[in-house]
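What follows is the residue order along each chain.
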Amino acid sequence: MRFDVVSLFPDIFEAVCKYGVTGRAHTQGLWQLKVWNPRDFTQDVHRTVDDRPYGGGPGMVMMAQPLEDAVNAARADRTDETPPVWLMSPTGRCFDQKMAQELALGPGAILICGRYEGVDQRFIDRCVTHEVSIGDFVLSGGEIPALAIMDSAVRLLPGALNDKESALQDSFHDTLTGLLDSPHFTRPEVYQGQAVPSELLSGHHANIALWRRRQSLALTMARRPDLIESARQAGRLSKSDEAFLASLTKN
Ligand code: ADE
């Protein structure tokens, strides 16, 4: 898998190639990253990448031409004909685990990091295939969203994680049927007077699985009832799950 990132701050992306799971996967050759700076594609002596918005208003708008030329350079450097071009934008479709899984199965993408107040719409119309948000909040640029998206996809690549199971256990994964993950504990058995739940010490695998399932259901019901409803609609809640959920609302 290969990512091409278009950003005015290429150094930010060293992090994802150097550290942790994504860094190790990069060293192993599981994925490649190339960063393209739109400033290198400007056509004036000042290397201008932004200008004031037509119609007035605060802030600056990123110009279309340096962005389009950077995307074209990235495209020409790749072997796949038509890679997806994702613009990081708070007005985009909200990124989720399903999108991360689809991304991890494909050739990668070209990720565009906007800055300032926005990006000239003509660039978006000509070059961008998807606009993607990482949540209902506004960041000062698309660099952190691009890092988050790459991390979420790379860690799903076969061989990226040490313990093959750990991706499967994560929150939102299919094996949890879209529920939040249950709490985790490690040594010591008692910390600051708080003991590890006895179910986890029992060594009884079925009881442990049931405890975890119920913790997931209770946590998801409390924090993300929308995910409970989605799981229900998709037929991913068992009779036993439903009985447990009903018992929660009674108490
Ligand atoms: N750029 C600024 N805020 C953003 C967000 N929430 N998601 C994606 N790109 C952004």
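First, a word on what this report is: a plain description of the structure on this page. (Residues numbered from 1 in each chain as written. Predicted model: local features only at pLDDT ≥ 70, side-chain atom pairs only at ≥ 80, totals over all residues. Heavy atoms only, no water.)

Right, let's talk about the nonpolar core for a bit. Phe3, Trp31, Leu33, Leu111 and Met150 are the most contacted members of the largest nonpolar core, which has 28 residues in total. Broken down by secondary-structure element, the contributors of at least two residues to this core are β1 (2-6), α1 (14-18), β5 (85-94), α4 (97-105), β6 (108-113) and α6 (143-154). At six residues, the largest contribution of residues to this core is made by α6. In contact with Leu111, not counting residues within four places along its chain, are Phe3, Asp4, Val5, Val6, Trp86, Met88, Ala146, Ile149 and Met150. Counting 20 residues, the second largest nonpolar core, distinct from the first, contains Met62, Ala73, Ile124 and Val128. (Core = buried A, V, L, I, M, F, W, Y, C linked by side-chain atoms within 4.5 Å. Buried < 20%, exposed > 50% of the residue type's maximum accessible area, 1.4 Å probe, protein only. Helix = DSSP H or I, 4+ residues; strand = E, 2+ residues; numbered from the N terminus. Contact = heavy atoms within 4.5 Å.)

Bringing the packing of α4 against α6 into the picture now. Where α4 contacts α6, the axes come no closer than 8 Å and their chain directions differ by 70 degrees. By the angle class used here, α4 and α6 are roughly perpendicular. Here α4 runs over α6; the crossing is right-handed. Where α4 approaches α6, its residues Ala100, Leu103 and Ala104 are matched on the opposing element by Ile149, Ser152 and Ala153. Grouping the amino acids of the contact of α4 with α6 by side-chain chemistry returns five nonpolar, one polar and no charged. (Axes fitted to C-alpha atoms, helices over the stretch in contact; angles between N-to-C directions. Parallel < 35°, antiparallel > 145°, perpendicular 65-115°, else oblique. Left-handed = near helix turned anticlockwise from the far one by under 90°. Nonpolar A, V, L, I, M, F, W, Y, C, P; charged D, E, K, R; others polar.)

By the secondary structure assignment, Thr220 is in helix α8 (residues 205-223). Take Thr220: its relative accessible area is 0%, and that puts it in the buried class. Polar side-chain contacts of Thr220 include one of 2.6 Å to the backbone oxygen of Ser216. (Polar contact = N/O pair within 3.5 Å; in protein donor to acceptor, adjacent residues only side chain to side chain.)

Before going further, it helps to examine the site of the ligand. As a matter of local geometry, the ligand sits amid Met88, Ser89, Pro90, Val132, Ser133, Ile134, Gly135, Phe137, Val138, Leu139, Gly141 and Pro145. Measuring from a nitrogen atom of the ligand, one finds a backbone N or O atom of Ser89 at 3.1 Å. A distance of 3.0 Å separates a nitrogen atom of the ligand from a polar backbone atom of Ile134. Elements with a contribution of two residues or more to the shell around the ligand: β5 and β8 (130-133). Sort the elements by how many residues they give to the shell around the ligand and β5 lands first, with three residues. Counted by class, the shell around the ligand contains eight nonpolar, four polar and no charged residues. (Near = heavy atom within 4 Å.)

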